[in-house]
Amino acid sequence: MTKLEVKEVSQVEDFASMFINAKISAQAKVMYGAYDNKSSDDTYATAVGGLIKYELASFYGLNAAVAFYGAQDISFITGSGVNHNNELSSSSGSYTQMAEAYINYKYENFNFRVGRQPLSTPLADSDDVRIIQNTFEAYIATYTLSGFEFMAGSIQNWQGFDAGLDDPWQKTGDNGTYFSGVTYKDGLEFNLWYYNITGKTNAFYFDGGFEYPINKEIILHTMVQYLDESALNNSGIQATIYGALFELVIHGLGINIAYDKALVNNNKVSFSGTGGGTLFTGMDTMSLDVIAINTDAEALVGGIVYDINRLGFLYAYGDFSSKNEHLSEHNLGMTYDVSDDLLLAGIYTQQEDIKHKNKTNFDFDRFELLLNYDF
């Protein structure tokens, strides 16, 4: 929702012009996030942050970029001690990282990037859902041909909200992650990926489907997905997950339903990625991984989205169940594009532990309000 627009890199004919024609882009965010916890203390925080990026122009296909990410709590509207929400800027109340620093080479349809960078793959994703998005220390080669995109590389470390803000740059495997994949999207679409998360799991991922315009105002979209993981070094990460998604858009109103089923043996768990996960049933705070522990689990999520002019609305309900757990989640969201560069967005989440009579950590209400400006 707040992904910074990628500015086109200028092509120059001499080394000095790489710096003369460099581009600066930035993103400023103000975010308030609060939890009304039913079994523990309430938490809340307000933080200001964002990123600033400096990118050189391209000289014979070669350029480079660096970006600093940061967040700082606003103390008088942030809880302290047990009432502090550490999702926005860490438990210390501040966060600063050189989160992007890469060298890029491009020749016709081939691209190679080395260094700290955002990624968008099924099991490694930037997942921009708080102030600090995930980025990865990686070596990535990409080649495009006739609607296909081929990608391969190595990911060593990652930082960001999903990695944990208190201890940045976590390993993505005992010796990193190695992966390859191919995507295609032109009416018919599919993703086919393989990951070796060293010391953890070998993962094979597939999704595929189609988008079919019945007429100018009605669009049908349907997908299936499959994830198979085998444990390495007795890590316990081993599962088979399959799912489906159906969506119908009528005059700007989208109605969708998604289902995922995880087959998990005793002493095993599922893992749907570093960065939010790729499962169709992922919600604001809940994913199938949370309950796919030592037992099979399933999730059913239905939602409605509607856009009118600069306003967007969303409602979704999810039911997550296993032998040991039964949880539900409601998401109610709104976005308003004040201008092309200024966004106001909010989401209210209610999660409930249906299985247990006493309140647990799964019983809470969450509210988030975001003001985002790109320049």
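Calculation notes
Residues numbered from 1 in each chain as written. Predicted model: local features only at pLDDT ≥ 70, side-chain atom pairs only at ≥ 80, totals over all residues. Heavy atoms only, no water. Patch = residues over 30% accessible without salt bridge, like charges linked within 9 Å, V, L, I, M, F, W, Y side chains within 5 Å. Areas by Shrake-Rupley, 256 points an atom, 1.4 Å probe, with all protein chains shown as cover. Salt bridge = Lys/Arg side-chain N within 4 Å of Asp/Glu carboxyl O. Helix = DSSP H or I, 4+ residues; strand = E, 2+ residues; numbered from the N terminus. Buried < 20%, exposed > 50% of the residue type's maximum accessible area, 1.4 Å probe, protein only. Polar contact = N/O pair within 3.5 Å; in protein donor to acceptor, adjacent residues only side chain to side chain. Contact = heavy atoms within 4.5 Å. Pairing = 2+ DSSP bridges. Phe/Tyr/Trp six-rings, centres within 6.5 Å; stacked < 30°, edge-to-face > 60°. Core = buried A, V, L, I, M, F, W, Y, C linked by side-chain atoms within 4.5 Å.

A closer look at a nonpolar patch on the surface
Logical step 1: Together, Leu 62, Ile 103, Tyr 105, Tyr 107, Phe 110, Phe 112, Tyr 139, Tyr 143, Leu 145, Phe 148 and Phe 150 make up a nonpolar patch on the protein surface, roughly 990 Å² of accessible area in all.
Logical step 2: For the nonpolar patch, the secondary structure elements donating two or more residues are β6 (94-107), β7 (110-117), β10 (135-145) and β11 (148-159).
Logical step 3: As for its position among the elements, Tyr 139 is in strand β10.
Logical step 4: With a relative accessible area of 44%, Tyr 139 lands in the partly exposed category.

Remarks on the side chain of Ser 58
Logical step 1: Assignment of secondary structure puts Ser 58 in strand β4 (residues 58-59).
Logical step 2: Judged by its relative accessible area of 6%, Ser 58 is buried.
Logical step 3: Within the local environment of Ser 58, its side chain forms a polar contact with the side chain of Gln 11, the two groups lying 3.4 Å apart.
Logical step 4: Reaching out from Ser 58, the side chain makes a polar contact with the backbone nitrogen of Gly 61 at a distance of 3.4 Å.
Logical step 5: Excluding residues that lie within four positions of it along the chain, Ser 58 makes contacts with Val 9, Ser 10, Gln 11, Val 12 and Asn 63.

A word on the pairing of strand β16 (residues 218-231)
Logical step 1: Judged from the 13 bridges that link them, strand β15 (residues 201-213) and β16 form a sheet pairing that is antiparallel. Residue pairing across strands places Tyr 212 opposite Leu 220, the latter belonging to β16.
Logical step 2: Between the antiparallel neighbours β15 and β16 lie four residues.
Logical step 3: Here β16 runs beside strand β17 (residues 239-250); their pairing, made up of twelve bridges, is antiparallel. Within β17, the position partnered with Ile 219 by the bridge is Val 249.

Some remarks on the environment of Thr 43
Logical step 1: Locating Thr 43 in the fold gives a position in strand β3 (residues 43-55).
Logical step 2: Along the sequence, Thr 43 and Asn 86 sit 43 residues apart, while their C-alpha atoms lie 8.7 Å from each other.
Logical step 3: Setting aside anything within four residues of it in sequence, one finds Thr 43 in contact with Gly 33, Ala 34, Tyr 35, Asn 37, Val 82, Asn 83, His 84 and Asn 85.

As for the pairing of β6
Logical step 1: Sheet topology places strand β5 (residues 62-73) next to β6; ten bridges connect them, and they run antiparallel. Opposite Ala 67, over in β6, you have Glu 100 as the bridge partner.
Logical step 2: Judged from the seven bridges that link them, β6 and β7 form a sheet pairing that is antiparallel. Bridged to Tyr 105 within β7 is Phe 112.
Logical step 3: What sits between β6 and β7 in their antiparallel hairpin is a turn of two residues, with Glu 108 showing a positive phi close to 50°.

A few points about the pattern of salt bridges
Logical step 1: Overall, the coordinates contain eleven salt bridges when judged by the stated rule.
Logical step 2: The residue Asp 36 makes a salt bridge to Lys 38 at a minimum N-O spacing of 3.2 Å.
Logical step 3: You can call Lys 38 partly exposed: its relative accessible area is 38%.

Brief notes about the side chain of Thr 295
Logical step 1: In this structure, Thr 295 sits in the loop between β18 (253-263) and β19 (297-308).
Logical step 2: Judged by relative accessible area, Thr 295 falls into the buried class, the value being 9%.
Logical step 3: Ignoring anything within four residues of it in the chain, the contact list for Thr 295 reads Val 264, Asn 265, Ser 322, Lys 323 and Asn 324.

Looking at the environment of Asp 337
Logical step 1: By secondary structure assignment, the location of Asp 337 is in strand β21 (residues 326-337).
Logical step 2: With a relative accessible area of 33%, Asp 337 lands in the partly exposed category.
Logical step 3: Here the alpha-carbon distance between Asp 337 and Gly 312, two residues 25 residues apart in the chain, equals 8.7 Å.
Logical step 4: Beyond its immediate sequence surroundings of up to four residues, Asp 337 is in contact with Arg 310, Leu 342 and Leu 343.

Observations concerning the packing of aromatic side chains
Two aromatic rings, taken as a pair, are described by how far apart their centres are and by the angle between their planes.
Logical step 1: Within the structure shown, the criterion is met by 14 aromatic pairs.
Logical step 2: Taking 6.4 Å as the distance between ring centres and 55° as the angle between the ring planes, the aromatic pair formed by Tyr 32 and Phe 367 counts as tilted. You can see Tyr 32 sitting in strand β2 (residues 23-37) and its partner Phe 367 sitting in strand β23 (residues 364-374), a full 335 residues away along the chain.
Logical step 3: Given the relative accessible area of 30%, Tyr 32 is considered partly exposed.

With respect to the nonpolar core
Logical step 1: Grouped together as the largest cluster of nonpolar side chains are 33 residues, with contacts concentrated most on Phe 136, Ile 155, Phe 179, Tyr 195, Leu 288, Ile 291 and Phe 320.
Logical step 2: Looking at this core, the elements that each hand over two or more residues are β10, β11, β14 (188-197), β15, β17, β19 and β20 (311-322).
Logical step 3: Among all residues touching Ile 291, those that are not within four sequence positions of it are Met 286, Ala 297, Glu 298, Phe 320, Ser 321, Ser 322, Glu 325 and Leu 327.
Logical step 4: Counting residues in each nonpolar core, the second largest holds 14 residues, with Met 31, Ala 67, Leu 88 and Ile 132 among its members.

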